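Structural overview
Residues per chain are reported as follows:
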Amino acid sequence: MEKIISIKDLNYTYPEAKRSAIKNLSLDIYKNEWLSIVGKNGSGKSTLTKLIDGLIEADSGTIEVAGQIINEENIWEARTKIGIIFQNPDHQFVGATVEDDVAFGLENQGMPREEMVKAVDEALILVKMADFKERDPQSLSGGQKQRVAIAGVLATKPQIVIMDESTSMLDPDGRKTVLNLVQQLRSQQDLTIISITHDIEETELSQRIVVLNDGQIVSDGKPEEIYDLGADLQKFGLEEPFTSELVSTLRDTIKLPDGYLNEEELKEQLWKLHSNM
Amino acid sequence: MEITFEHVTHSYNPNSPTANLGLDDVSFKIQDKKFTAIVGQTGSGKSTLVRHINALLKPTSGTITVGDRVITPETNNKNLKPLRKQVGMVFQFPESQLFEDTVEKDIMFGPMNFGASADDARESAHKMIKLVGLDESLLEQSPFDLSGGQMRRVAIAGVLASDPETIILDEPTAGLDPVGRQEIMDLFKSLQQDGKTIILITHNMDDVANYAEEMAVIHRGKLIAQGIPQEVFNNQELLKEDLLTLPKSAAFAKELTEKGFSFEKLPITINELGTEIEQQLNGD
């Protein structure tokens, strides 16, 4: 697998803070991977994305993006490879219409108008918001707003998309739509997705989960491996997955296989037990 | 204090072509000293509804009774302070309303605004900061130096400091991590056990199942169901029309019915679900 981001021995302490926000952190992220970074408030996950996007500068260590170690000179170039979707869609809108808004990032890049109109249309089609292009962004629902924000990011043709808690303010339907859309775009557009969340249930579409605690990686594995930590996840401020909590209440009286079971697997197990009665 | 809505309609921009009904003929009671959850999709009218309880919005028609106070379309903005002291409101992302230069002053603002002396307000600030699970030493800091979760707690402390009888919470845990969310929810439950009326707007059906005693479902400005969560989550009509999301346990139980299990009523918490499954598998 080809690495797209390679982080080595990264350290960062906020000015005047007593504790470091990121401690000796090393992490490789692969092309076309969906990586979830989970951890409680203050675990360092947002700091890590700010470092990757060059919004703050590390005290020591290196970050390589698409083969280039980022520094003050090339940070702008590195940033064109990365798109970020933030938590609050309301803080991201600048345009009076949906299409103006999507065009904003392209105008900043100095794209000629004709090309821009095409790029905006394409991006809005990808997120299924083409019918809304003349609407005022403020009149949209939360999920629709985040889809427009994603279009704005896609229009700039990034290789890496960072979702910084970008579904935490959406209602359950809006959240599902956005996550499924991201999954689809990842394969269509060969994107690498880094999603940051404290909600373990939002990580089920990702291929790998990294758990951060106090600025360090405390666990790194496939979703089923991380979910299998069960109640131990609470130590890191995370919620125990639903099936794992249910299985632990059942284990006393009902024989179930070891390890993490997702909803489908647990249903199958219970069904078997029920049929054998 | 009991809160009663009688035929309350609220129209946004009533005399313009874009008029739309935020609330449409809503009648119901919120019981005194209970924990009531109000649920509904984004834009359904939940926030519009609760803003009538402390007269931030006035009805276009109908009346709201809060204790012995009656709010009608004619209610003017004079003399609302006693009502607003009784009904505290924690808005979504309340940390965006912090503004003083120390945490202490921010928490003191509410009580002083309602006429408390500086000494009493300060005493209240010291009590409340501990109640919301923060260290007293934070009182001297600027609220803007705190983490998001801490700011949220300071904002909640500010509302509690005026000692309201009824506390309205508009998605108070949005954006908090799971541990922070549970701590805040437990705090509201304990406030209720100490005699407060809690009204919670939320999208989290597990919080409804675990904490609320009563729930109301709003859809397109109308009240479409009310009752204890166990009953409302078993309302077949709502489920068929997809007007209500189920708590995880109920959703899982529903799927188990396709695998040979049968539930007289869908269990809504993990403990209830676990007990039901055990009984059905162990045959007692």
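Use the structure listed above.
What this report covers is the structure whose coordinates are included nearby. (Residues numbered from 1 in each chain as written. Chains lettered and ligands numbered in written order. Predicted model: local features only at pLDDT ≥ 70, side-chain atom pairs only at ≥ 80, totals over all residues. Heavy atoms only, no water.)

Describing helix H11 (residues 270-282) of chain B
Residues and elements named next belong to chain B. If you check H11, its first and last C-alpha atoms are 18 Å apart, about what 13 residues at 1.5 Å a residue would give, namely 18 Å. Of all the residues in H11, the buried ones are Ile270, Leu273, Gly274, Ile277, Glu278, Gln280 and Leu281. Of the residues flanking the end of H11, it is glycine 283, one or two places downstream, whose phi is positive at about 65°. (Helix = DSSP H or I, 4+ residues; strand = E, 2+ residues; numbered from the N terminus. Expected span 1.5 Å × (residues − 1). Buried < 20%, exposed > 50% of the residue type's maximum accessible area, 1.4 Å probe, protein only.)

Let's talk about the pattern of salt bridges
One pass over the full model with this rule turns up 25 salt bridges over all chains. Where B:Lys222 meets B:Asp24, a salt bridge forms, and the shortest distance between an N and an O atom there is 3.0 Å. Of this pair, B:Lys222 sits in strand S10 (residues 222-227) while B:Asp24 sits in strand S2 (residues 20-30), and the two are 198 residues apart along the sequence. We classify B:Lys222 as partly exposed; its relative accessible area is 40%. Looking at B:Asp24, the relative accessible area reads 22%, which means it is partly exposed. Between B:Glu104 and B:Arg122 there is a salt bridge, with its nearest N and O atoms 3.9 Å apart. Residue B:Glu104 is found in helix H3 (residues 103-113), and its partner B:Arg122 is found in helix H4 (residues 118-131); the two are separated by 18 residues along the sequence. Given the relative accessible area of 12%, B:Glu104 is considered buried. According to the relative accessible area criterion, B:Arg122 is partly exposed, its value standing at 33%. Within this structure, A:Glu33, A:Arg208 and A:Asp220 form a network of salt bridges that share partners. (Salt bridge = Lys/Arg side-chain N within 4 Å of Asp/Glu carboxyl O.)

Regarding the side chain of B:Thr102
Residues and elements named next belong to chain B. In this fold, threonine 102 is placed in the loop between strand S6 (87-90) and H3. In this structure threonine 102 comes out as buried when scored by relative accessible area, which is 17%. Filtering out sequence-adjacent residues up to four positions away, threonine 102 remains in contact with Leu139, Glu140, Gln141, Ser142 and Pro143. (Contact = heavy atoms within 4.5 Å.)

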